[in-house]
Amino acid sequence: MILCCGESLIDMLPRTSTGGEPAFAPVAGGAVFNTAIALGRLGAPAGYFGGISTDLFGSILADALTASKVDHSACPRSDRPTTLAFVTLVDGHARYAFYDENTAGRMLSEADLPALDGDTEALFFGGISLVSEPCADTYAALCAKAGDRVVMLDPNIRPGFIKDEARYRARLAAMLARADIVKISDEDMAWLGTTPEALIEGGSTLVLETRGAEGVHAVSAQGSLEVPATRATVVDTVGAGDTFNAGLLAGLSRDGRLRRDVLRSTPLETLRPAVALGAQAAAVTVSRAGANPPWLSELEPQA
């Protein structure tokens, strides 16, 4: 099982009621949650770990995971509220108001950590759950306990969320040092002051720099390769990166390469199909509104 560890939340999206009044519609979301959903839909053995409330919104999250065949049995349930993100549009640009104090997700502690059994082949971390404490420290502790399992990290850095930059940088540095696979944007690298080559020198096996319509730049100790983006008519880019992460992991799992020793010894070119699956799945996501990853049956067979 590939266990996705991190935030889930409810996006409150602006709508207009039948009476013409401003309203909000609750939609399940969160970067790590989206990756878990995409993994399940792509037919990979998917699991999700994060704090989920027993409230109405928590039920929406749990039901969405179940519907996409994601095992969430390891999630601690509490009567704390669900994190809410109210979205408003100003001149066409989205602005967010987060309600995250004392929520079920944020208050996750090390006492809630699951026992990692032999069925867990890989762990995925990322998103804003690596910023907010105490859950950020909890996920960092789980990463440190990964053992010989493959760890993938997508920092997806949001500078506006960071309150204690020194603590965040230290936490992220420790997790990057443990990560076998890193998906990172040019903005993330600029903020961190790093490069794909530097991350490889630091111990990562595979670094993927996503470049939107320009495709993916993959780097390992053996060199680099370019995987073009799959052409699509873009509706919006919500969830595209999360879906790419899932496609990559699903492809590696499918090809029997989601083991640290195998991943390290596999020629970079041999990993191209897994990277391409990530790009193909992401292209479907951007072609429709919101974070709505494809099912495996929606993807065209690759040559």
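Criteria and thresholds
By convention here, each chain's residues receive numbers from 1 onward along its written sequence. Confidence filtering applies because this is a predicted model: local features only for residues at pLDDT of at least 70, side-chain atom pairs given and counted only at 80 or more, and all residues used for totals across whole chains, interfaces and linings. The side-chain numbers reported here are obtained from all heavy atoms of the structure, hydrogens and water having been left aside. Numbered from the N terminus, helices here are DSSP runs of H or I no shorter than four residues, and strands are runs of E no shorter than two. We take the radius of gyration over the C-alpha atoms and set the globule estimate at 2.2 Å times the residue count to the 0.38 power. A 1.4 Å probe rolled over the protein chains alone gives each residue an accessible area, and that area as a share of the maximum for its type sets the label: buried under 20%, exposed over 50%, partly exposed in between. Every residue pair with non-hydrogen atoms within 4.5 Å of one another is taken to be in contact. Note on areas: Shrake-Rupley, 1.4 Å probe, and residue coverage restricted to the protein chains presented here. By the counting scheme adopted, Arg and Lys are positive, Glu and Asp are negative, and His together with the chain ends is not counted. A charge is said to be at NZ when it belongs to Lys, at CZ for Arg, at CG for Asp and at CD for Glu. At least two bridges found by DSSP between two strands are what make those strands a pair. The axes are straight lines fitted to the C-alpha atoms, using for helices just the contacting stretch, and the angles between their N-to-C directions are given from 0 to 180°. Orientation is classified from the angle alone, with under 35 degrees giving roughly parallel, over 145 giving roughly antiparallel, 65 to 115 giving roughly perpendicular, and any other angle giving oblique. Whether a crossing is left-handed or right-handed is set by the direction in which the near helix is turned from the far one by less than a right angle, anticlockwise for left-handed and clockwise for right-handed. Ten residue types, Ala, Val, Leu, Ile, Met, Phe, Trp, Tyr, Cys and Pro, are classed as nonpolar, four, Asp, Glu, Lys and Arg, as charged, and the remainder, Gly among them, as polar. Each reported salt bridge corresponds to a side-chain nitrogen of Lys or Arg within 4 Å of a carboxyl oxygen of Asp or Glu. The span one expects for a helix is its residue count, reduced by one, times 1.5 Å. Taking the helix axis as origin, the arc is that swept by the directions to the C-beta atoms.

Caption draft 1: Seen up close, the overall build of the chain. Helix and strand counts for the chain stand at 9 helices and 15 strands. A globule of 303 residues ought to have a C-alpha radius of gyration of about 19 Å, and the chain, at 18 Å, matches this closely. Seen through its principal axes, the chain has C-alpha atoms that stretch 60 × 45 × 35 Å. In the chain, which comprises 303 residues, the share counted as buried stands at 50%. Contacts in the chain between residues at least 24 apart in sequence constitute 68% of all its contacts with a sequence separation of at least 6. In the form shown here, the chain has an accessible surface area of approximately 13,500 Å², with 53% of it arising from carbon and sulfur atoms. Charged side chains of the chain number 25 positive and 37 negative; the gap between the two group centres comes to 2 Å.

Caption draft 2: The pairing of strand β13 (residues 206-210), seen in detail. With respect to burial, β13 is a largely interior element, 4 of its 5 residues being buried. The pairing of strand β12 (residues 181-184) with β13 spans 4 bridges and is parallel. Across the sheet, the residue bridging to I184 is E209, located in β13. Here β13 folds back onto strand β14 (residues 216-220) in antiparallel fashion, the turn holding 5 residues, of which G212 has a positive phi close to 60°.

Caption draft 3: Representation of the packing of helix α3 (residues 135-144) against helix α4 (residues 165-178) within the structure. In contact at an axis separation of 10 Å, α3 and α4 are set at 20° when each is read in the N-to-C sense. Judged by the inter-axis angle, α3 sits roughly parallel to α4. As α3 runs across α4, the sense of the crossing is left-handed. Contacts from A136, D137, Y139, A140 and C143 in α3 reach R167, R171, M175 and R178 in α4. Here the contact of α3 with α4 is composed, by residue class, of 5 nonpolar, no polar and 4 charged.

Caption draft 4: Inspection of the sheet that holds β14 at higher detail. With mixed pairing, the 9 strands of this open sheet are ordered in space as β6-β4-β1-β10-β11-β12-β13-β14-β15. Because the sheet does not close on itself, it has two edges, and the strands there are β6 (70-71) and β15 (223-227). Pairing of β14 with β15, which is carried by 5 bridges, proceeds in the antiparallel orientation. In the sheet register, A218 faces β15, and the bridge partner there is L225. Relative to the sheet, α3 contacts β1 (2-5), β4 (46-49), β10 (122-126) and β11 (150-154), its axis offset from that of β10 by approximately 150°. Along the sheet, α4 contacts β10, β11 and β12; its crossing angle with β11, the most-contacted strand, is approximately 135°.

Caption draft 5: Looking closely at the pairing of β14. For β14, the tally of buried residues reaches 5 of 5 residues, placing the bulk of the element in the interior. On β14, burial covers both faces: V216, A218 and S220 on one face and H217 and V219 on the other are all buried. When β13 meets β14, the two strands line up antiparallel, connected through 4 bridges. Its bridge partner being in β14, E209 is matched across the sheet by H217.

Caption draft 6: Region of the structure containing the pattern of salt bridges. Counted by the stated rule, this structure contains 16 salt bridges. D137 is paired through a salt bridge with R167; the nearest N and O atoms lie 3.0 Å apart. With D137 in helix α3 and R167 in helix α4, this residue pair connects regions lying 30 residues apart in the sequence. Taking the relative accessible area as the measure of exposure, D137 reaches 29% and is therefore partly exposed. Accessibility expressed as a relative area gives 38% for R167, which makes it partly exposed. A salt bridge links E269 to R272, with the shortest nitrogen-to-oxygen separation between them at 2.6 Å. Overall, R272 belongs to the partly exposed group, its relative accessible area being 26%. When salt bridges that share partners are traced, they join E133, D137, R167 and R171 into one network.

Caption draft 7: Seen up close, α4. With 14 residues, α4 ought to run about 20 Å at 1.5 Å a step, and its terminal C-alpha atoms sit 20 Å apart, in line with that. Every buried residue belonging to α4 is among Y168, R171, L172, M175, L176 and R178, and all of these are buried. Projected onto a plane normal to the axis of α4, the buried residues spread over an arc of 155° and lie on a single side. Pointing more than 90 degrees away from the buried face of α4 are the exposed residues A166 and A174.

The values are spatial; any link to function lies outside them.
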